[in-house]
Amino acid sequence: MGTSVGTAAETSRRPSFALVPRLRSRAVAVVGILLLALVAFWLVENAVHDIRQFALVSLNGITNGSIYALVAIGYTLVYGILELINFAHGDVFSWGAMITYSVAISWLGASGHSGIALFGILAVGLVCAALFCATLNMAVERVAYRRLRNAPRLAPLITAIGMSFVLSNLIAVVYGFNYVSSEPLLPRGALFTIGGQAYGWDKLIVLLITVPTLVSLMIVVKRTRWGKAMRATAQNRDAARLMGIDVDRAIAFAFGLGGALAGIGGFVYLVYFTQGRFDLGFRIGLFAFTAAVLGGIGNILGAALGGYLIGFIENYNSGLTWHAPGPSWTESLVFILLILILVFRPHGLLGESLSTRS
Amino acid sequence: MSMRKLGSILLLAGATAVLATAAASAGPLSGKRIAGLPNTCSKPVGHGKYVIASDFPLQGSLRPLSVQMVEAVKLELKKMHYKIGKYSVQFVSCDDSTAAKGSWDPQTCTNNANSYKSVTNLLGVIGTYNSGCAEIIAPIINRAPGGGIPMVSPANTYVGLTKKSGVAGEPQKYFPTGKRNYARVAVPDNFQGAADALYLKHRHIKRVYVLNDAEAYGLGIANNFVRAAKKLGLTVLGNSKWDASQPNYQSLYQGIASKHPQAIFLAGIVSNNGGQLIKDKVSVLGNNTKVLLLASDGFNDSATPKDAGNSAAGMFITIGGSDPNKLSNPTGRAFVKAFRKAYHVKHLEAYTAYAGQALLVLAHAINKSDGSRLSIDKHLFKQKFPKGIIGSFKIDSSGDPSLGGVTVDVVKHGNIKAVTTVNPPLSLAKAALG
Amino acid sequence: MTANGGQPLLELEDVQVFYGAIHALKGVSLRVDDGQIVTLIGANGAGKSTTLRTISGLLRPRTGSMRFDGKDIVRASSQRIVRFGIAQAPEGRQLFSRMTVLENLEMGAFQRSDRREIAADLDRVYELFPRLAERQAQKAGTLSGGEQQMCAIGRALLARPRLLMLDEPSMGLSPNLVDRIFEVIADINRQGTTVLLVEQNAARALEIADRGYVLETGRVTLADSAAALRSNERVRASYLGES
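Keep in mind that this is a model prediction, so the values were computed, not measured.

A. Spatial organisation of the overall build of chain B. Scanning chain B from terminus to terminus reveals 13 helices and 17 strands. For chain B, whose C-alpha radius of gyration is 22 Å, the value lies close to the compact-globule estimate of 22 Å for 434 residues. Burial statistics for chain B: of 434 residues in total, 60% are counted as buried. Pairs at least 24 apart in sequence give 74% of the contacts found in chain B among residues at least 6 apart. When the accessible area of chain B is evaluated, it comes to approximately 16,800 Å², of which 58% is carbon and sulfur surface. In chain B, which carries 50 positive and 24 negative side-chain charges, the distance between the mean positions of the two groups comes to 5 Å.

Quick look at the structure:
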């Protein structure tokens, strides 16, 4: 029952959502290919129908998707190492947005500045949000999850849901229930125009923040001492101990890293969308978690890919004009996609089915 | 299931029930609370055997509006010394919102309605603000023992609450006993939709795109508007939903931009992420002079300029009825003066005067009745108010007011200010009904 | 004194360990002298792996003392124990299967910062196990059983331990590979590393060991030089498969 020391990490790594027996796999594959073809046809038809619109909406998808990607990685890192769905992660993201508001807008008055001064203020805001959220996420782990590490799986899961409420309600206590809102912070001048519609600098800036963040995260996880320690702990906690790795620290590192990404995500959300509220993390968190599962939970590149995928779905669905179901269907479409992926690729898009047992 | 397991579940359920009851009966000054009402209701003011309750969303962005409505009701009751004819009354203010949602909450509306049913000397309810909440409360209190509890709303504008709207079963489904107990003083949405279309025509707009928030109110007024606009010869480029939980709407507007609208009409409420909706409208389609932005009264809320910031500048927001700050009739002027003095405020929110009027409609019916709820219900309809706060009007046989004026406001320097009043012809309002 | 007459490197005295309510070690005392190969033999569930896990700090003894090089290690964390110089190639290899062979070996040196020395040790491991050099970029989970065992031993060696603990290194390997593994163990020992070896294959273990302990249901029932144990009637009957 996973109650003895370390067994949580030793038991099968990835949830297997295999719903389809192997016998029918060929039929399933055919259906899958047909569905893919249908979606591809719809996209191509839309592109032909109005190529400019298609391009604009795709660019929006990349922008929004990169925010989902940042948050999704936090879910995947923690799941990878503890097999815990950290429900509080979306709310850590909300805190990132609110701290950005406090630091950059309330205290440093970003709205009244431009140029280098604005850049400086935003940089301070970014660093504060990242540090705050890293600390917050590590504190959540220390306070709520660590002592439950050897408890039955349900206990930390329920605690995670509880922490989610605690964090979002704390935002409400500090900032109230209404939106905090600001005037545009990022320069919105047109970088180029497509069919009279501007692609603003703000969208490029979002990518200039998120993409290097994603890349450096991968480098940290792949190359650094604690990045490797984290991966080792995720794969085999006891063996990691035998290597002399302080697994508590490796786990805290995963939470800190995920928290920092959520903080950067919150920062980007606030400066790009210019508003935030206590319940921000609910939908973003739900989509980001879905992104992590889509990509193959535990797989960092997969989580990023899932995030972009959801960004595209959301924007294609609300922005394309040829037979798009429309924005009220976005959530349904995202979860239909999730179900389909779990049927056709139970380990997610990039999840490895390679067993960790040797 | 084993008996032991069943037993422990029952025990747990019992304990929960005890705790819930304890929690419900606690709260401030529990000794004075009116038995049967939940702790979403305030302690009563005034003294008397009978009770009048108000039901508004007291939390979230609508709080300023709701607080003034409650105060307006209190002001009128105070003037009467809490005596309506021979009936002395106490007043309680109930909340149909939750802090977490920041707006009305269906479960809270249901709970409130069920608790009203249990208060036998409740003479009437002033409320609700949101039509969606009224749709829940009206049929529940219609079946109260001792006759449907009279309900007068200062702000429900959804057509289907009183008249056929095109939705199956409306309005009968809100009155399951077959005897109506609901009236309102707010101008129904078909008048507003018609006025909105008429106003755009006045401004030489020919191509308009409609966005609605997919709730009963938003969808209803969007449809009213579309019908009236078509009747007036405007081209409606589309009527689509916006998803309140979406982080932004740039793609949505980019899709709309390819249709080259001259105006956007927003049908819904601002708390459904309206701030972002307005910001993205401006960032994609340009400012509100370039492409006109008109919104229904769900945006007539101080949250609109606050959440949307400079992007709200120059947008128009309509509201059924007259601007309370500009009431020209003597009764209205006196009300505004008294209200400002009593509560030390300058600006009256959109429905403050209507709340005072709603109480008077209920009081008038109580006065003429024999004291039973059924009798009050009967007298709600076909009343005449030649000197009402909101002007001279009648309540028709379905509970609607005869006043159809719609105020057009503009957002300027972060405030919502009245520009003009539009009086849509009755024929256009009927056409808007479909 | 013991056969080689060296200094005691590791000493366990009356170590008792519980898994929840299960009394797994009921007072184990043993001693490993510097430079020796000591083997623990015993049936399945006798407590051999539990002893190694306890020495590595994965389990905490309830009572008893453990000293390594004169220092008390009963309360030491597993990372301190590695730093003191105890490394283990655990039962079932326990590789990081989604990391490459090279990354696995590097994890063995996690506590070390002497880059040059690590590189030298890596070369030494590749010399011992040329197959690992060929497969260094391959995911450890894709290796064969023998290669995995080599990787696990190599990983432990990269900690540059004074005491190398091996838990069932020959399990599941072909006879050829078993020979190779035992050669390597003897080789490692010759180069100066003390070895504590847990083996089911008691005959082979006693061949290369200086000293042996027989564990039965959580207790040490026999302790003697390897040569003496090889000729002990009880050991021959129960563990060497001779009757």
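B. How the structure looks around the overall build of chain C. Helix and strand counts for chain C come out as ten helices and ten strands. Of all 243 residues assigned to chain C, the portion counted as buried reaches 55%. Put simply, 67% of the contacts in chain C that link residues at least 6 apart link residues at least 24 apart. Just so you have it, chain C exposes about 10,000 Å², and 45% of that area is on carbon and sulfur atoms. Counting 31 positive and 29 negative side-chain charges, chain C places the averaged centre of each group 6 Å from the other.

C. Region of interest: the sheet that holds strand β3 (residues 37-42) of chain C. All names here are of chain C. Judged by pairing direction, the sheet is mixed, and its six strands sit side by side in the order β6-β7-β8-β3-β9-β10 without closing on themselves. A strand with exactly one partner marks an edge of an open sheet, and here the two such strands are β6 (86-89) and β10 (219-225). Put simply, the sheet's adjacent strands are angled 15 degrees from each other on average, direction ignored. Where β3 meets strand β8 (residues 194-199), five bridges bridge the pair, whose relative direction is parallel. Bridge pairing in β8 links Ile 37 to Val 195. Helix α1 (residues 48-55) rests against β3, β6, β7 (163-167), β8 and β9 (211-216) of the sheet, and its axis sits at about 145 degrees to β7. Along the sheet, helix α6 (residues 145-157) contacts β6 and β7; its crossing angle with β6, the most-contacted strand, is approximately 170 degrees.

D. Here's a closer look at the packing of aromatic side chains. All names here are of chain A. Counted according to the given criterion, the structure contains 24 aromatic pairs over all chains. Their ring planes at 70 degrees and their centres at 6.2 Å tell us that Trp 95 and Tyr 175 sit as a pair that is edge-to-face. In this pair, Trp 95 is assigned in helix α4 (residues 89-107) and Tyr 175 in helix α6 (residues 154-175), connecting sequence segments 80 residues apart. When its relative accessible area of 8% is taken as the criterion, Trp 95 is described as buried.

E. Here's a closer look at the confidence of the model for chain C. Predicted confidence across chain C gives a mean pLDDT of 92, with 97% of residues reaching 70 or more. Highest mean pLDDT in chain C belongs to β7(C) (97); lowest belongs to helix α10 (residues 233-238) of chain C (89).

F. Structural detail: helix α13 (residues 330-344) of chain A. Relative to the 21 Å expected for 15 residues at 1.5 Å per residue, α13(A) spans 21 Å between its end C-alpha atoms, a close match to the ideal helical length. Looking at the buried side of α13(A), the elements it contacts are α11 (280-295) and α12 (300-319) of chain A.

G. Highlighting the interface of chain A and chain C. Tallying the contact residues gives 25 residues for chain A and 26 residues for chain C. Buried surface at the junction of chain A and chain C, both sides included, amounts to about 2,500 Å², of which 55% is carbon and sulfur. Counting across the interface, chain A meets chain C through three salt bridges. As a salt-bridge pair, C:Arg53 and A:Asp238 come within 2.9 Å of each other at their nearest N and O atoms. Here chain A and chain C share ten residue pairs in polar contact (both at pLDDT 80 or more) between them. Those elements giving two or more residues to the side of chain A that touches chain C turn out to be α8 (225-235) and α9 (237-242) of chain A. It is α8(A) that provides the largest number of residues to the side of chain A that touches chain C, a total of seven residues. The residue inventory of the side of chain A that touches chain C, partitioned by class, reads nine nonpolar, six polar and ten charged.

H. Representation of the interface of chain B and chain A. If you look at the interface, chain B gives 30 residues, while chain A gives 34 residues. Carbon and sulfur atoms make up 40% of the area that chain B and chain A hide from each other, which totals about 2,700 Å². Three residues, B:Pro247, B:Ser251 and B:Gln254, lead the burial of chain B against chain A; their summed loss comes to 22% of the area buried on that side. Between chain B and chain A we count one salt bridge in total.

I. Summary view of the state of the cysteines. Tallied over the full model, the rule gives two disulfides over all chains. There is a disulfide in this structure between B:Cys41 and B:Cys94, and the S-S distance comes to 2.0 Å. Judged by the sign of its S-S torsion, about 105 degrees, the bond between B:Cys41 and B:Cys94 is right-handed. Taken together, the residues span a long stretch of sequence, with B:Cys41 in the loop between α1 (3-25) and β1 (50-56) and B:Cys94 in strand β3 (residues 87-95) at a distance of 53 residues. The pair B:Cys41 / B:Cys94 is uniform in exposure class, with both members buried. The disulfide bridge from B:Cys109 ends at B:Cys133, spanning 2.1 Å between sulfur atoms. When the S-S torsion is -120 degrees, as for the bridge of B:Cys109 with B:Cys133, the disulfide is left-handed. Of the two residues, B:Cys109 sits in helix α3 (residues 106-118) while B:Cys133 sits in helix α4 (residues 131-142), which places them 24 residues apart along the sequence. The two residues B:Cys109 and B:Cys133 agree in class, both being buried. For chain B, numbering the cysteines in disulfides from first to last along the sequence yields the connectivity 1-2, 3-4. A:Cys133 provides the cysteine sulfur closest to A:Cys128, a residue in no disulfide bond, and the two sulfurs are 11 Å apart. Look at A:Cys128 and you get partly exposed, because its relative accessible area is 29%.

J. The arrangement of the packing of helix α5 (residues 189-202) of chain B against helix α13 (residues 426-433) of chain B in detail. All names here are of chain B. Taken N-terminus to C-terminus, the directions of α5 and α13 make an angle of 110 degrees; their axes are 8 Å apart at the nearest point. In terms of orientation, α5 and α13 fall into the roughly perpendicular class. Residue-level contacts link Asn 190, Phe 191, Ala 194 and Leu 198 of α5 to Leu 426, Leu 428, Ala 429, Ala 432 and Leu 433 of α13. Split into classes, the residues belonging to the contact of α5 with α13 amount to eight nonpolar, one polar and no charged.

K. Expanded view of the pattern of salt bridges. In total, this model carries 33 salt bridges over all chains according to the counting rule given. Note that A:Asp279 and A:Arg277 form a salt bridge whose closest N and O atoms lie 3.0 Å from each other. One salt-bridge network, held together by shared partners, links C:Arg112, C:Asp114, C:Glu117, C:Asp121 and C:Arg160.

L. How the structure looks around the domain arrangement of chain B. Residue and element names in this part refer to chain B. Assigned domains of chain B: these are domain 1 (3-186 + 324-394) and domain 2 (189-319 + 406-433). With 17 residues of domain 1 at the contact, the number on the domain 2 side is 17 residues. For the pair domain 1 and domain 2, the two sides together bury roughly 1,300 Å², of which 52% comes from carbon and sulfur. Three residues stand out in domain 1 for area buried against domain 2, namely Ser 61, Thr 157 and Val 159, and they jointly supply 31% of the buried area on that side. Summed over the shared surface of domain 1 and domain 2, the number is zero salt bridges. Elements represented by at least two residues in the side of domain 1 that touches domain 2 include exactly α2 (63-79) and β5 (103-104). Each residue belonging to the side of domain 1 that touches domain 2 can be placed in one class, and the counts come to nine nonpolar, five polar and three charged.

M. Inspection of helix α8 (residues 274-285) of chain B at higher detail. All names here are of chain B. In this model α8 runs 16 Å from its N-terminal to its C-terminal C-alpha over twelve residues, within 8% of the 16 Å that 1.5 Å per residue would give. Burial analysis of α8 places ten of its twelve residues in the buried class, which makes it a mostly covered element. When α8 is considered as a whole, its buried residues turn out to be Gly 274, Gly 275, Gln 276, Leu 277, Ile 278, Lys 279, Asp 280, Lys 281, Val 284 and Leu 285. Looking one or two places after α8, you find Gly 286, whose phi comes out positive at around 100 degrees.

N. Examining the environment of A:Tyr272 more closely. As for its position among the elements, A:Tyr272 is in helix α10 (residues 247-273). The sequence separation of A:Tyr272 and A:Ile205 amounts to 67 residues, and the corresponding C-alpha distance is 9.0 Å. Setting aside residues up to four positions removed in sequence, A:Tyr272 forms contacts with A:Thr63, A:Asn64, A:Leu186, A:Arg188, A:Asp202, A:Lys203, A:Val206, B:Asn248 and B:Gln250.

O. Expanded view of the pairing of β1(B). Residue and element names in this part refer to chain B. Of all seven residues that make up β1, seven are buried, and the element is covered over most of its length. With burial as the criterion, each face of β1 is covered, one bearing Tyr 50, Ile 52, Ser 54 and Phe 56 and the other bearing Val 51, Ala 53 and Asp 55. Sheet topology note: the β1/β3 ladder contains seven bridges and is parallel. Counted as the bridge partner of Phe 56 is Asp 95 from β3. As judged from the five bridges shared by β1 and strand β6 (residues 122-127), these two strands associate in the parallel manner. Opposite Ser 54, over in β6, you have Ile 126 as the bridge partner.

About the thresholds
- Residues numbered from 1 in each chain as written.
- Chains lettered and ligands numbered in written order.
- Predicted model: local features only at pLDDT ≥ 70, side-chain atom pairs only at ≥ 80, totals over all residues.
- Heavy atoms only, no water.
- Helix = DSSP H or I, 4+ residues; strand = E, 2+ residues; numbered from the N terminus.
- Rg over C-alpha atoms; globule rule 2.2 N^0.38 Å.
- Buried < 20%, exposed > 50% of the residue type's maximum accessible area, 1.4 Å probe, protein only.
- Contact = heavy atoms within 4.5 Å.
- Areas by Shrake-Rupley, 256 points an atom, 1.4 Å probe, with all protein chains shown as cover.
- Lys, Arg positive; Asp, Glu negative; His and termini not counted.
- Charge placed at Lys NZ, Arg CZ, Asp CG, Glu CD.
- Pairing = 2+ DSSP bridges.
- Axes fitted to C-alpha atoms, helices over the stretch in contact; angles between N-to-C directions.
- Phe/Tyr/Trp six-rings, centres within 6.5 Å; stacked < 30°, edge-to-face > 60°.
- pLDDT = per-residue confidence, 0-100.
- Expected span 1.5 Å × (residues − 1).
- Buried area = accessible area lost by both parts, 1.4 Å probe.
- Salt bridge = Lys/Arg side-chain N within 4 Å of Asp/Glu carboxyl O.
- Polar contact = N/O pair within 3.5 Å; in protein donor to acceptor, adjacent residues only side chain to side chain.
- Nonpolar A, V, L, I, M, F, W, Y, C, P; charged D, E, K, R; others polar.
- Disulfide = S-S within 2.5 Å.
- Parallel < 35°, antiparallel > 145°, perpendicular 65-115°, else oblique.
- Domains from an automatic or database assignment.

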